[in-house]
Structure formats: C-alpha cells, structure tokens
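What the coordinates show
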Amino acid sequence: MKRILTGLKPTGDLTLGNYLGAIKQMVNMQDEYDSILFVADLHALTIYQDPIELNERIRKFIAMYIACGIDPEKNTIYIQSENEFIPAMSYLLECTTTYGEASRMIQFKEKSKQNANFSVGLLTYPVLMAADILYCDCDYVPVGIDQKQHVELARNIAERFNNRYGETFTLPEPLLSETGTKIYDLKNPTKKMSKSEENPTGVISMFDDLETIASKIKGATTDSLNQVHFDPENQPGISNLLNIASSIANVPIAELEENFKGKGYGEFKKYVSEVVVNHISEIQKRYEEIINSDMLEKVLNKGIERSRELAKEKYELMKIKMGTTRKDLKKQDN
Ligand code: TYM
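Quick caveat: nothing in here was measured; it's all calculated off a predicted structure.

Moving on to the overall build of the protein chain. Tallying secondary structure elements over the protein chain gives 13 helices and 5 strands in all. Relative to the compact-globule value of 20 Å for 334 residues, the protein chain shows a C-alpha radius of gyration of 21 Å, a close match. With the C-alpha coordinates of the protein chain rotated into their principal frame, the extents come out at 80 × 45 × 40 Å. At a minimum sequence separation of 6, the contacts of the protein chain that also span at least 24 residues come to 76%. Put simply, the protein chain shows about 16,300 Å² of open surface, and 48% of that area lies on carbon and sulfur atoms.

This is the structure in structure tokens:
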C-alpha cells in the first residue's frame, strides 16, 4: 500500500485554505493509502508563539482534523514534537543540505525580510520538514502549492543522501489538489488566504461562527465585469469563489459557470455562502463532540507509538549509513 503524509503548523486557526489545500485531499485518499497526519508544532516555533495559545491550538487542530473527516482508524495521527527522532534526523539531513538550498526557499526569503531578527530555525525549517516526510518513506505529500518547493527540497535531499550513503529513502512527490491548491484571501484575492493574516475579514477560519462566514463571503472583493467566469488574471475574486465552491461541492468550475450564466454576483455569492456554511456547520458540530470527548488521548497515543517506531528505525539506519555508530562497520556482513 502506498503511503501519504502531511502536516499543518498551528500558528493560527485552521483556515478554509488549509482544509481545501491539504486536509480534504487526505480525507479523499484515506481509503486507498496508508495515511499519516500530524500537527507540526515544532514548525510553529520558528516564530514566537504564546505557549498557552500554542498548547490549546495543538489539541484544536487534532480535533478539527477528525471533524473534517480524517478517520482515526485509517490514519496515524500525532503531534510532531512527541517524536524525538524527527529533530535528530533533521540534524543529520542538515549536514546533507547546502546553505544555498535552504536560503533559496521562497518562504525563508519572504519571512526573513519581514523580520531582521529571524531565528536560525526559520532557515532550517524546510530540513525539519524533510525529516517529517522522509522518516516514513511516504510516496506522496498532499499540500497546497505554497509548500511544493519544500517537498521538492525534501526529495532533493533524499536523492543526495541516497547517492552519498546508499539507498535509504523513498523519493516523495508533492500532490496538489486541482481546485483547492491555492485559496486566496477574500478581501485581497491576489494574496494567499493565511492563518497568520492580521486582518481576518478575508480569511475564513474553520472555527468562525456561521454568520461571520456568510458575511465574509458577502464582502468578498469582486470586479465590475459582472460575469461569473473563471479568469484568475482579470477576475481573481470571482475565480477564487469558483475554486472554493467547486472544491467543497465537488462540482466542476465549468458547470458552475454555466449555472450562473447571466446571473449577478449577489446570487452567486449567496450560493457560495450556502455551500461553505452548510459544509463547515457539519464539521463544527462534529468538532464540538470530539473536543469534549476522551477520544483524542487514545488517538494520539496510538499515533505517536507507530510514528516513533517508524522514525527510530530510519534514524538508526541513517546513523549506520553515515558511520556514526559504535558498531564496527568493517566487521558487518553487508
Ligand atoms: P501550513 O501550516 O502553512 O499549511 C498547511 C497546509 O495547508 C496548505 N495551505 C493552503 N492550501 C490552499 N490555499 C491556501 N490559502 C493555503 N494555505 C495553506 C499548505 O500548503 C499546507 O499543505 N511547513 C508546512 C507544515 C509541514 C508539513 C510537513 C507539510 C511541516 N512538515 C511535512 C507537509 C509535510 C506548513 O507550514 O503548512
């Protein structure tokens, strides 16, 4: 059985973008793949997080994954920081990654510009992500397009390691959803919808109350062309709403365009709002049941046990391959 893995970083509330870019893909694939999903809490630490808020978000993320349809019976679900082999592997991988490669990552370039006192962790972040991906030999990594470059770096690091030390890692591939791969901010539809956005009017959080979601969609920026047409260049706002509705309702964009031919933006927004509100309302109902149950402990205990087992094995193999072991490698049979 092929394996898929992904993680989300708890730096703010989960957004509709996170759901459509990553979680929904995992839900769609969980019946046919060995599926692994985690909360990337170590990744959140590259920028200061209030400890109490971070702690709360970690549990909220896990409960929200399950509420979104991630089946704990079919998925290995865990908190990244509970697997101590991952940062240990990350160091070994840092030694097979060049400074040039790490500093060329777009997110590093953007974020290091925003704050001159950026942490070293911001630079090594994609290598930690490579460790997340490579420890379990996953075949595919379902992500939004903004993470594609990081998955490709993981693949390059794996390839270099394999060439240098012998076959050790499966080469992973990023997997992008057709319509959900980049959901834009509703107010500023040329910018990614992001959980760390300071102005929340363009960002739909999976935890927003339903009226807020409806009013955010109603207030979404559109254009003056007055045609429901998919044209990201000239109609970024409408194209974004088409992507959102198409991803959630599983209706092709062409069909939506056809259905709204000759109709106004008010009617179209009303439809998008209904689709999104109904969908998130069901998710929120399940969330309330899960967060108030004792289910999370059991799910996380089972998940971390499996994740640690896989990572321990890979970490020990890496150490042997690299020569950092008390065993006398000259005396080994292989
Ligand atoms: P993060 O937490 O920024 O985002 C989590 C996932 O959501 C996707 N995403 C989006 N997709 C569509 N539209 C958007 N507006 C949008 N915003 C975010 C992201 O592409 C991502 O798939 N470094 C990662 C977390 C991570 C990880 C990993 C992912 C750590 N280790 C290993 C995969 C494998 C991150 O910061 O994602």
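Read on, since the account is not over.
With that settled, the discussion passes to the nonpolar core. By size, the foremost hydrophobic cluster in this structure holds 60 residues, and its most contacted members are Leu16, Tyr65, Ile204, Met206 and Val276. Element by element, the count of residues in this core is highest for helix α12 (residues 265–291), at 10 residues. Setting aside residues up to four positions removed in sequence, Met206 forms contacts with Leu14, Thr15, Leu16, Tyr19, Met64, Cys68, Ile280, Ile283 and Gln284. Leu5, Phe38, Ala102 and Leu122 belong to the second largest nonpolar core, which has 38 residues in total.

With 14 residues, helix α1 (residues 16–29) extends 19 Å between its outermost C-alpha atoms, agreeing within 8% with the 20 Å of an ideal straight helix rising 1.5 Å per residue. Bending of α1 peaks at approximately 40 degrees at the position of Ile23. Burial runs high along α1: 12 of the 14 residues are buried. Leu16, Gly17, Asn18, Tyr19, Leu20, Gly21, Ala22, Ile23, Lys24, Gln25, Met26 and Met29 are the residues of α1 that are buried. Of the residues flanking the start of α1, the one acting as N-cap is Thr15, its side-chain oxygen 3.1 Å from the backbone nitrogen of Gly17.

Here we come to the site of the ligand. Looking at the ligand, there are 28 residues lining it, with Tyr125, Asp132, Asp146, Ile183 and Lys195 nearest. Gly144 places a main-chain nitrogen or oxygen 2.8 Å from an oxygen atom of the ligand. The contact in question runs from a nitrogen atom of the ligand to an N or O atom on the backbone of Ile183, over 2.7 Å. Here the ligand has 700 Å² of accessible area as a free molecule, and 99% of this is covered by the chains. Listing elements by their share of the shell around the ligand, those giving two or more residues are β1 (3–8), α1 and α7 (120–134).

Moving on, we get to the packing of aromatic side chains. The geometry of an aromatic ring pair comes down to the distance between the two centres and the angle between the two planes. Tallied over the entire structure, the rule returns 10 aromatic pairs. An aromatic cluster is built from Phe161, Tyr165 and Phe169, whose rings are joined through pairwise contacts. Stacked on the ring of Phe207, the Lys or Arg Lys60 has its end atom at 4.4 Å from the ring centre. Residue placement shows Lys263 over the ring face of Phe260; its charged tip is 5.7 Å from the ring centre.

With that settled, the discussion passes to the state of the cysteines. Here a disulfide denotes one covalent bond, and it connects the sulfur atoms of two cysteines. This model, assessed by the stated rule, comprises 0 disulfides. With no disulfide of its own, Cys136 lies closest to Cys138 among cysteine sulfurs, the gap being 4.3 Å. Overall, Cys136 belongs to the buried group, its relative accessible area being 1%. Exposure remark for Cys138: the relative accessible area of 0% places this residue in the buried category.

A few words on the packing of helix α3 (residues 51–67) against helix α13 (residues 295–322). Where α3 contacts α13, the two axes come as close as 11 Å, and the packing angle between them is 90 degrees. Considering the angle they form, α3 stands roughly perpendicular to α13. When α3 is examined against α13, the residues Arg59, Ile62, Ala63 and Ile66 are found in contact with a partner set consisting of Met295, Leu296, Val299 and Leu300. The class makeup of the residues in the contact of α3 with α13 is 7 nonpolar, no polar and 1 charged.

Scoring rules and cut-offs
- Along each chain, residue indices are assigned from 1 in the same order as the chain's sequence is written.
- Since the coordinates come from a predicted model, pLDDT governs what is reported: local features require at least 70, and pairs of side-chain atoms require 80 or more to be given and counted, while whole-chain, interface and lining totals use all residues.
- Each side-chain value is worked out from all heavy atoms of the structure, with water and hydrogens disregarded.
- Helix and strand definitions follow DSSP, with helices as H or I runs of at least four residues and strands as E runs of at least two, each counted in order from the N terminus.
- The globule rule is 2.2 Å times the number of residues to the power 0.38, and the radius of gyration it is compared with is taken over C-alpha atoms.
- Contacts are assigned to residue pairs with any non-hydrogen atoms lying within 4.5 Å of each other.
- To measure how exposed things are, a 1.4 Å probe is used in the Shrake-Rupley method; for residues, cover is taken only from the protein chains shown.
- As used here, the term nonpolar core means buried Ala, Val, Leu, Ile, Met, Phe, Trp, Tyr and Cys residues forming a set that is joined through side-chain atoms within 4.5 Å.
- Think of it in three bands: residues with accessible area under 20% of the maximum for their type are buried, residues over 50% are exposed, and the middle band is partly exposed, with areas taken using a 1.4 Å probe on protein chains only.
- For a helix, the expected span equals 1.5 Å multiplied by the residue count minus one.
- One fitted axis covers the seven residues ending at a residue, a second covers the seven starting there, and the bend at that residue is the angle between these axes.
- As used in this structure description, the phrase polar contact means that two N or O atoms lie within 3.5 Å; if the pair is within protein, one of them must be able to donate a hydrogen and the other to accept it, and residues adjacent in sequence are counted only when both atoms belong to side chains.
- Being near a molecule or strand, for a residue, means having at least one of its heavy atoms within 4 Å of it.
- Stacked, tilted and edge-to-face are the three classes applied to pairs of Phe, Tyr and Trp rings, where Trp contributes its six-membered ring and a pair requires centres within 6.5 Å; stacked means planes under 30 degrees apart, edge-to-face means over 60, and tilted covers the rest.
- We call a charge positioned above a ring when the Lys NZ or Arg CZ atom is no farther than 6 Å from the ring centre and deviates by at most 35 degrees from the ring normal.
- Note on disulfides: each one is a pair of cysteine sulfur atoms within 2.5 Å.
- Axes here mean lines fitted to C-alpha atoms, for a helix over just the part in contact, with angles spanning 0 to 180 degrees between N-to-C directions.
- For this classification, under 35 degrees means roughly parallel, over 145 means roughly antiparallel, 65 to 115 means roughly perpendicular, and everything else is oblique.
- Only Asp, Glu, Lys and Arg are considered charged in this grouping, and only Ala, Val, Leu, Ile, Met, Phe, Trp, Tyr, Cys and Pro are considered nonpolar; every other residue, Gly among them, is considered polar.

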